[in-house]
Protein chains: 2
Amino acid sequence: MIEVTRKMKSDSYKMASLSIETRNNILKNVREALIKNQQDIFEANKTDMENAEKNNIADSVKKRLKFDEHKLSDVTNGIQQLISLPDPINKIVFQRELDENLILKRISCPIGVIGIIFEARPDALVQISSLCIKSGNCAVLKGGKETANTNKALFNIIYKTAVESGAPEGCMFQAEGHSEIDELLACSKSVDLIIPRGSNQFVQYIMNNTKIPVMGHADGICHTYIDGSADADKACKIIIDAKTQYTAACNSTETLLIDRNFGTDNLRKVAEALSDSNVKLRGNKEVSDILGCEQMGDDEYNTEYLDMIISVKLVNGVDEAVAHINNYGSHHTDCIITENMDNAEKFLNLVDSAGVYLNCSTRFADGFRYGFGAEVGISTSKIHARGPVGLEGLTTYKYKLYGNGHIVDDYSTGRKNFNFKDL
Amino acid sequence: MIEVTRKMKSDSYKMASLSIETRNNILKNVREALIKNQQDIFEANKTDMENAEKNNIADSVKKRLKFDEHKLSDVTNGIQQLISLPDPINKIVFQRELDENLILKRISCPIGVIGIIFEARPDALVQISSLCIKSGNCAVLKGGKETANTNKALFNIIYKTAVESGAPEGCMFQAEGHSEIDELLACSKSVDLIIPRGSNQFVQYIMNNTKIPVMGHADGICHTYIDGSADADKACKIIIDAKTQYTAACNSTETLLIDRNFGTDNLRKVAEALSDSNVKLRGNKEVSDILGCEQMGDDEYNTEYLDMIISVKLVNGVDEAVAHINNYGSHHTDCIITENMDNAEKFLNLVDSAGVYLNCSTRFADGFRYGFGAEVGISTSKIHARGPVGLEGLTTYKYKLYGNGHIVDDYSTGRKNFNFKDL
């Protein structure tokens, strides 16, 4: 792995300097090759599905493993959308004349070499590799072992087509063994960024075992807060979507906070709507006394269920809701349901999360739903990328300074003066 | 320290929500208070200078410790400049209609709580704290012990004025004991970012001993490459500034790469110009055979001298120069001297550094010289801030999503379709 990433690092400058025409053309050819070779991919997926059957993999997981015409059309549509997006690199973010003939430009550029470790989902491999191609990054990809055959078929098609269409050899590498993860984490000289996707423990493990910067999130403890002035019907509709639309997702709501001013009748109405949707409620003593639901301790409000279960708590208005979320939450995505716009703005400003929502489901936290085409993951880090990470999160920038013999001494001695002018 | 930063974290949301008028007014009052209380500051600085004298501190360091009318006017001018800069937070970076009445906005916001550990320079304390005030961040400040008295006087004036002018109590804290550094590094729940300034070993120590993200740089191994087509006089002028204008700075050139096509006569001319400026040259066997300078091993080209010494190496054109810099450099700031614009663009595109310069001194890598007003440091990280970090590097962003009962299920079932429109 050290040799692979060292070579990749030295090739990454070639990858970074491919023109946007070349990068888009690679994507176009990859899209066509995937369609042309679909039978090989479906064949490989059949093997993975048979293995899943043998190993008694849960149905919900098998759904993710499956790669059929429908999934193929999703990913090829995604590539088409990516091609149409503007070039995320070589963008002049700002330029400024510092003095006569001394021009400073800030230019977006690829991050370099990215290691991405992701769950058993073949469509993720296609999404991630096409995002890296469009943004001029090299990538080491490690997918879940349950889709090893499908991943291999997909990767071979994508990599072969990319190199034939002008990408440097070694611009992508598929790691297949689990032991290669630790090897990858040790390559801090050649790998610029690690993006882990998967369970809380897995992401924590990655974060604690590498010196390479890690982008992503471990927990997704999302909150929906129903304010005193909320519309009860709207609240029911939103919370049911936020909790049940896809419980295994990191952006599902795990805790429901309700203003005491919302009233006991409305509280019961929301609780009933959740129960009718087969959601199990848990609450501290106050909540459990009112609703007769399972009682939980106050120290359990940082629980991520990823299941049809929700924590409920009563609070005194928006201030207490904000304090609870900033303390117990995971800075991922949190929502206020209210008709009071002052409370709304207060919540949106003070909650310290990558996504702060008004009157809509936390499930919207997703690169596709934000119009990014695709995402490599969702970041709760504040340093660099936050929220769904699309193309832009895969770029950094450099400062280019253009002079003509300019020296600092002229400015520090006062012979010349800076003359800043934004261009 | 845990208690201090926990309280600071909960106050950081108040700090973040101060209006730009309040933040600018705090800066205005801080500026006036510094001028009004200058005698107290100078008195405190006298004590520090006397201690420096007793402890036989080097003259070059004493220069930095000194805080006189001249330094005061520098920092108050800096504050004036900061006041005039636009608000770096609450900026709508982009907004997009996802569908009818579902509006996504990306808004810049403060990072939260920043721990800054800096060298013994009283002006740095003023710069850093005013940058934090303008950007709505809370800060734990720890300066070098040699300026403890001056720092205390400055901090007391700044903090007292800030709170009297509307900043929340506990928005800033000055750590005084050296042991508090390790305590600060352990506060990963409350501190969002550590910015260390100082020696290579010190910054490495910080990076290896905290889970908090660290922004900054350990090494400053900057290169100047003289291309075959360079103008020899221009090259001499630039390299002398880049090496000698302030040798202790991270942006001074440490290695001079010269294209063999530049010619032996021109090489001698540059070497003589450096020797005449009292710079000692070191080179591998080839260089030392030509110039008669001290010989060095090829494995020593990653040396940061911070002194009147420079490493010299001959290369075959821009490709070898780029490969050397990307391998031996520290991704800080590197320059090409050339009259060939194709070589220039190649170098600027392929060198993987925060600053890539054409025909000017590497010493320009500085927040003030970039027109940022001031800087909290220079970052060689690619994740988030790169190069001199001014106001913008002290902010992150959040996504605000405004809906009216919107749920994801409508979109995933196809009842509704996204309708992306940039606003």
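Residues numbered from 1 in each chain as written. Chains lettered and ligands numbered in written order. Predicted model: local features only at pLDDT ≥ 70, side-chain atom pairs only at ≥ 80, totals over all residues. Heavy atoms only, no water.

**Let's talk about the overall build of chain A**
Item 1. Along the backbone of chain A there are 15 helices and 17 strands.
Item 2. Across its three principal axes, chain A shows a C-alpha extent of roughly 75 × 70 × 35 Å.
Item 3. Buried residues in chain A amount to 61% of all 423 residues.
Item 4. Pairs at least 24 residues apart make up 71% of the contacts formed inside chain A by residues separated by at least 6 positions.
Item 5. When the accessible surface of chain A is split by element, carbon and sulfur atoms take 47% of a total near 16,500 Å².
Item 6. Here chain A contributes 48 positive and 58 negative side-chain charges, whose respective centroids are spaced 6 Å apart. (Helix = DSSP H or I, 4+ residues; strand = E, 2+ residues; numbered from the N terminus. Buried < 20%, exposed > 50% of the residue type's maximum accessible area, 1.4 Å probe, protein only. Contact = heavy atoms within 4.5 Å. Areas by Shrake-Rupley, 256 points an atom, 1.4 Å probe, with all protein chains shown as cover. Lys, Arg positive; Asp, Glu negative; His and termini not counted. Charge placed at Lys NZ, Arg CZ, Asp CG, Glu CD.)

**Some words on the side chain of B:T210**
Item 1. In this structure, B:T210 sits in the loop between helix 9 (200-208) and strand 7 (222-226).
Item 2. Of the polar contacts made by the side chain of B:T210, one reaches the backbone nitrogen of B:I212; its length is 3.1 Å. (Polar contact = N/O pair within 3.5 Å; in protein donor to acceptor, adjacent residues only side chain to side chain.)

**Quick notes on the pairing of strand 9 (residues 280-283) of chain B**
Residues and elements named next belong to chain B.
Item 1. As paired elements, strand 9 and strand 11 (residues 309-315) share 4 bridges and run parallel to each other. Considered in strand 11, the bridge of L281 is made with I310.
Item 2. Across 2 bridges, strand 9 lies against strand 10 (residues 294-295) in parallel orientation. Looking across to strand 10, one finds that G283 is bridged to Q295.
Item 3. Regarding topology, helix 12 (residues 285-291) serves as the crossover connection from strand 9 to the parallel strand 10, and that connection is right-handed. (Pairing = 2+ DSSP bridges. Right-handed = clockwise from strand over helix to strand, strands pointing away.)

**With respect to the relation of the copies chain B and chain A**
Item 1. Between chain B and chain A, the superposition needs a rotation of 180° and an axial shift of 0.0 Å, giving an RMSD of 0.0 Å. Viewed as a symmetry operation, the transformation between the two copies matches a two-fold axis. (Least-squares fit on C-alpha atoms with pLDDT ≥ 70 in both.)

**Overview of the packing of helix 13 (residues 317-328) of chain B against helix 14 (residues 341-350) of chain B**
All names here are of chain B.
Item 1. The geometry of helix 13 relative to helix 14 is characterised by a closest axis approach of 10 Å and an angle of 20° between their N-to-C directions. When the axes of helix 13 and helix 14 are compared, the pair comes out roughly parallel. Here the hand of the crossing between helix 13 and helix 14 comes out right-handed. Mapping the contact onto sequence places V318, D319, V322, I325 and N326 in helix 13 and N343, K346, F347 and L350 in helix 14. (Axes fitted to C-alpha atoms, helices over the stretch in contact; angles between N-to-C directions. Parallel < 35°, antiparallel > 145°, perpendicular 65-115°, else oblique. Left-handed = near helix turned anticlockwise from the far one by under 90°.)

**Some words on the interface of chain B and chain A**
Item 1. Contacts between chain B and chain A engage 74 residues on the former and 74 residues on the latter.
Item 2. Taken over both partners, the interface formed by chain B and chain A buries close to 6,400 Å², and the fraction arising from carbon and sulfur atoms is 56%.
Item 3. For the interface between chain B and chain A, the tally reads 2 salt bridges.
Item 4. Close ionic contact of B:K9 with A:D352 constitutes a salt bridge, the shortest N to O distance being 3.8 Å.
Item 5. At the junction of chain B with chain A, the criterion picks out 0 residue pairs in polar contact (both at pLDDT 80 or more).
Item 6. For the side of chain B that touches chain A, the element with the highest residue contribution is strand 16 (residues 395-406) of chain B, accounting for 11 residues.
Item 7. By residue class, the composition of the side of chain B that touches chain A is 34 nonpolar, 21 polar and 19 charged. (Buried area = accessible area lost by both parts, 1.4 Å probe. Salt bridge = Lys/Arg side-chain N within 4 Å of Asp/Glu carboxyl O. Nonpolar A, V, L, I, M, F, W, Y, C, P; charged D, E, K, R; others polar.)

**Details of the environment of B:D307**
All names here are of chain B.
Item 1. Mapped onto the fold, D307 is located in the loop between strand 10 and strand 11.
Item 2. Sequence separation between D307 and E254 is 53 residues, and the spatial gap between their C-alpha atoms is 8.7 Å.
Item 3. With near-sequence residues (within four places) excluded, D307 lies in contact with K243 and T247.

**As for the sheet that holds strand 4 (residues 138-142) of chain B**
All names here are of chain B.
Item 1. A sheet is described by the order of its strands in space; here 4 strands give the open sequence 5-4-3-6, paired in parallel fashion. Unpaired on one side and paired on the other, strand 5 (172-174) and strand 6 (193-196) mark the two borders of the sheet. Ignoring strand direction, the axes of neighbouring strands in this sheet form an average angle of 15°.
Item 2. Inspection of the sheet shows strand 3 (residues 113-117) paired to strand 6 by 4 bridges, in the parallel sense.

**A look at the packing of aromatic side chains**
Item 1. Considering all chains together, one arrives at 7 aromatic pairs over all chains under this definition.
Item 2. Taking the centre distance of 5.7 Å and the plane angle of 5° together, the rings of A:F155 and A:Y159 count as stacked. Within this pair, A:F155 and its partner A:Y159 are both found in helix 7 (residues 148-164), separated by 4 residues, close to a single helical turn.
Item 3. Residue A:F155 is classed as buried on the basis of its relative accessible area, which comes to 7%.
Item 4. Classification of A:Y159 by relative accessible area gives partly exposed; the value is 22%.
Item 5. Taken together, a centroid distance of 6.1 Å and an interplanar angle of 10° make the contact between B:Y225 and B:F347 stacked. (Phe/Tyr/Trp six-rings, centres within 6.5 Å; stacked < 30°, edge-to-face > 60°.)

**Focus on the pairing of strand 12 (residues 333-337) of chain B**
Residue and element names in this part refer to chain B.
Item 1. Judged by how many residues are buried, strand 12 sits mostly within the fold: 5 of 5 residues are covered.
Item 2. Of the two faces of strand 12, the one holding T333, C335 and I337 and the one holding D334 and I336 are both buried throughout.
Item 3. Relative to strand 12, strand 7 runs parallel, the two being bridged by 4 bridges. Note that in strand 12 the partner of T224 across the bridge is C335.

**Side note on the pattern of salt bridges**
Item 1. In this structure the tally under the stated criterion is 45 salt bridges over all chains.
Item 2. Close ionic contact of A:E300 with A:R282 constitutes a salt bridge, the shortest N to O distance being 2.9 Å. Here A:R282 lies in strand 9 (residues 280-283) and A:E300 lies in the loop between strand 10 (294-295) and strand 11 (309-315), a separation of 18 residues in the sequence.
Item 3. Across the pair B:E294 and B:K280 runs a salt bridge whose closest N-O atoms are separated by 3.0 Å. On the criterion of sequence distance, the pair formed by B:E294 in strand 10 and B:K280 in strand 9 is long-range, its members being 14 residues apart.

**Side note on the packing of helix 2 (residues 20-36) of chain A against helix 5 (residues 69-84) of chain A**
All names here are of chain A.
Item 1. Where helix 2 contacts helix 5, the axes come no closer than 9 Å and their chain directions differ by 165°. Considering their axes alone, helix 2 and helix 5 lie roughly antiparallel with respect to each other. Of the two elements, helix 2 crosses helix 5, and the hand of that crossing is left-handed. On helix 5, the residues touching N24, L27, K28, V30, R31, L34 and I35 of helix 2 are L72, T76, I79, Q80, L82 and I83.

**Some remarks on the confidence of the model for chain A**
Item 1. Confidence in the prediction of chain A, expressed as mean pLDDT, is 89, and 95% of residues score 70 or more.
Item 2. Overall fold confidence for the complex sits at a pTM of 0.86, while the interface term, ipTM, reaches 0.84. (pLDDT = per-residue confidence, 0-100.)

**Brief notes about the sheet that holds strand 5 (residues 172-174) of chain A**
Two modes of strand pairing occur in sheets, parallel and antiparallel, and in both the strands are linked by backbone hydrogen bonds.
All names here are of chain A.
Item 1. Sheet architecture is open: 4 strands sit in the order 5-4-3-6, paired in parallel fashion. In the strand order of this sheet, the two ends are held by strand 5 and strand 6 (193-196), each with one partner. Adjacent strand axes in the sheet meet at a mean angle of 15° when their direction is disregarded.
Item 2. Along the sheet face, helix 1 (residues 2-16) touches strand 3 (113-117), strand 4 (138-142) and strand 5 and points at about 140° away from the line of strand 4.

**Description of unusual backbone geometry**
Item 1. Look at A:N101: it is not a glycine, yet its phi comes out positive at around 65°.
Item 2. Here A:N101 is to be found in the loop between strand 1 (92-99) and strand 2 (102-110).
Item 3. You can call A:N101 partly exposed: its relative accessible area is 48%.
Item 4. In this model, B:N56 sits at a positive phi of 55°, which is unusual for a non-glycine residue.
Item 5. Tracing the backbone through its elements, the reader meets B:N56 in the loop between helix 3 (38-54) and helix 4 (59-65).

**Thoughts on helix 1 (residues 2-16) of chain B**
Residues and elements named next belong to chain B.
Item 1. In this model, helix 1 (15 residues) spans 21 Å end to end at C-alpha, consistent with the 21 Å of a helix rising 1.5 Å per residue.
Item 2. Along helix 1, the helix axis deviates most sharply at S10, where the bend reaches about 35°.
Item 3. Residues of helix 1 that are buried: T5, M8, K9, D11, S12, Y13 and M15. (Expected span 1.5 Å × (residues − 1). Bend = angle between axes of the 7 residues up to and from the residue.)

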